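Single-letter residue listing:
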Amino acid sequence: FELTNDGWQDNPDYSDGPVGYVITYLEGCGYGAHAQALEQAEERYRDELQQPSQEGSRAFLTHKARNGQTWAEYLRSAKAERGKKGFVHGAWGECITAAVIFERSEE
């Protein structure tokens, strides 16, 4: 969110930042012992996301999925399936959604 929404920090609704709100919610749910791990993950993921992407037609597949694997690793063992409305879901649906968001953020 922070990398794809320029000016988010100027919006008073995000005074603590999106990650700050997630961590506050985590603590409110009684999981405060994990707050430091989330903060460390945020830093690590931010650093990874700010790295220049690799050139080539499959470069997006080297980006990290939410589970920490690259998209290529995650998709390798995932079955492509369609839901009742015909949309791809599961890992392949997540990947195509992430790819569209990535494309739109690079415009």
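1. Points about helix α4 (residues 90-105)
End to end, α4 covers 23 Å across 16 residues, agreeing with the expected 22 Å (1.5 Å per residue, within 8%). The set of residues buried in α4 consists of A91, G93, C95 and A99. Summarising the contacts, the buried residues of α4 are in contact with α3 (71-76) and β2 (88-89).

2. A short note on the pattern of salt bridges
Inspection of the entire model under this criterion finds 1 salt bridge. Between E94 and R66 there is a salt bridge, with its nearest N and O atoms 3.5 Å apart. On the criterion of sequence distance, the pair formed by E94 in helix α4 and R66 in the loop between α2 (35-49) and α3 is long-range, its members being 28 residues apart.

The rules behind these values
Residues numbered from 1 in each chain as written. Predicted model: local features only at pLDDT ≥ 70, side-chain atom pairs only at ≥ 80, totals over all residues. Heavy atoms only, no water. Helix = DSSP H or I, 4+ residues; strand = E, 2+ residues; numbered from the N terminus. Expected span 1.5 Å × (residues − 1). Buried < 20%, exposed > 50% of the residue type's maximum accessible area, 1.4 Å probe, protein only. Contact = heavy atoms within 4.5 Å. Salt bridge = Lys/Arg side-chain N within 4 Å of Asp/Glu carboxyl O.

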